[in-house]
Amino acid sequence: MSNRSLILLSGGLDSTVAAYLYRQSAPIALALTFDYGQRAALREIQAAQKICNQLECEHKIIKMTLPEPRLAGALVNPELDLPALESSHLDSHEHIVKSARAVWVPNRNGIMINWAAFIAEAQGIGKIIVGFNIEEAATFPDNSRQFVEAINQSLYFSTANHVEVVSPTLGMSKTEIVQEGMKLGVPFRELWSCYEGGAKSCGNCESCLRYFRAMANNT
């Protein structure tokens, strides 16, 4: 298998720290940022480009048109309200399950990884780097270790060069991810970890609250 790698880079906390962790042992040839019509697409693309400039990594934007965007949840459908949470809700299984269901995009990570696998095989790249974490795996099963193991079994048969998904952050909490990022000099001010795409982070979505809590835990 080739030692060359690409990364799925959203410009947020997890994928950025995953990139910084992985590049300690091997360079990253390419970063892919997906625009699937999500609210924060432009902000994510801008953040990812800044990170790629820091990493001296080629950056490609993949425009992905969902077949039924109106059925893809509040992350994509502007007619639906994003769930607004409070910090205390992050420890409530009921609240985070409801939040996850509201923003769920069917098979999003599966589609993006398989799209990336096509590019990887075509370019002789052996590894796809992703930034998953143990917190969100509790309600987003496509962030879990089981998902990575399952999709790697699939990719072994669906790619001639046996492309493999690797997540350096897989077993970490958000707090631990921030801690690693601080050690590695990650430019946190350049990141975008909000479901919304406004001039500044909304501060109320689950992604914002997890990021803010993780940062506070490291101060």
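Each chain carries its own residue numbering, running from 1 in the direction its sequence is written. Reporting of local features is limited, given that this is a predicted model, to residues whose pLDDT is at least 70; pairs of side-chain atoms are given and counted only at 80 or more, and all residues count toward the totals for whole chains, interfaces and linings. With hydrogens and water stripped out, all remaining heavy atoms of the structure feed into the side-chain values.

Draft legend 1. Representation of the nonpolar core. In this structure, Leu6, Leu8, Leu32, Ile113 and Ile128 are the most contacted members of the largest nonpolar core, which totals 42 residues. Secondary structure elements follow DSSP: runs of H or I no shorter than four residues count as helices, runs of E no shorter than two count as strands, and numbering proceeds from the N terminus. Every element with two or more residues in this core is listed here: β1 (5-8), β2 (30-35), α3 (93-103), α4 (108-122) and α6 (145-158). No other element matches α4, which puts six residues into this core. Ignoring any residue separated from it by four or fewer positions in sequence, one finds Leu6 in contact with Ile28, Leu30, Leu32, Ala116, Ile119, Ala120, Ile125, Lys127, Ile128 and Ile129. Side-chain atoms within 4.5 Å are what join buried Ala, Val, Leu, Ile, Met, Phe, Trp, Tyr and Cys residues into a set we call a nonpolar core. Burial classification: accessible surface area is computed with a 1.4 Å probe over protein chains only, and a residue below 20% of its type maximum counts as buried, one above 50% as exposed, and the rest as partly exposed. Contacts are assigned to residue pairs that have any heavy atoms within 4.5 Å of one another.

Draft legend 2. Local environment of the packing of helix α7 (residues 174-184) against helix α8 (residues 206-216). The N-to-C vectors of α7 and α8 enclose an angle of 60°; their axes lie 8 Å apart at closest approach. Here α7 is positioned oblique relative to α8, judged by the angle of their axes. The handedness of the crossing between α7 and α8 comes out as right-handed. In contact with Lys174, Thr175, Val178 and Met182 of α7, α8 contributes Arg210, Ala214 and Met215. A fitted line through C-alpha atoms represents every axis, and for helices the fit uses only the stretch in contact; the resulting angles, taken between N-to-C directions, go from 0 to 180 degrees. Should an angle fall under 35 degrees it is taken as roughly parallel, and over 145 as roughly antiparallel, whereas 65 to 115 is taken as roughly perpendicular and any remaining angle as oblique. Left-handed describes a crossing in which the near helix is turned anticlockwise from the far one by less than a right angle; the clockwise case is right-handed.

Draft legend 3. Quick look at the pattern of salt bridges. Definition used for salt bridges: Asp or Glu carboxyl oxygen within 4 Å of a side-chain nitrogen of Lys or Arg. Under the defined criterion, the tally for this structure stands at 12 salt bridges. Lys174 serves as the salt-bridge partner of Asp14, at 2.8 Å between the closest nitrogen and oxygen. Here Lys174 lies in helix α7 and Asp14 lies in helix α1 (residues 13-22), a separation of 160 residues in the sequence. The structure contains a network of salt bridges with shared partners spanning Asp91, Glu135, Glu206, Arg210 and Arg213.

Draft legend 4. Local environment of the packing of α1 against α7. Between α1 and α7, whose axes approach to 10 Å, the crossing angle comes to 45°. Viewed along their axes, α1 and α7 adopt a mutual orientation that is oblique. The two elements α1 and α7 meet at a crossing, and its hand is left-handed. Between α1, through Leu13, Asp14, Val17, Tyr20 and Leu21, and α7, the contact on the second element is made entirely by Lys174, Ile177, Val178, Glu180, Gly181 and Leu184. Each residue gets one of three labels, nonpolar for Ala, Val, Leu, Ile, Met, Phe, Trp, Tyr, Cys and Pro, charged for Asp, Glu, Lys and Arg, and polar for the others, Gly among them. Looking at the contact of α1 with α7 residue by residue, the classes come out as seven nonpolar, one polar and three charged.

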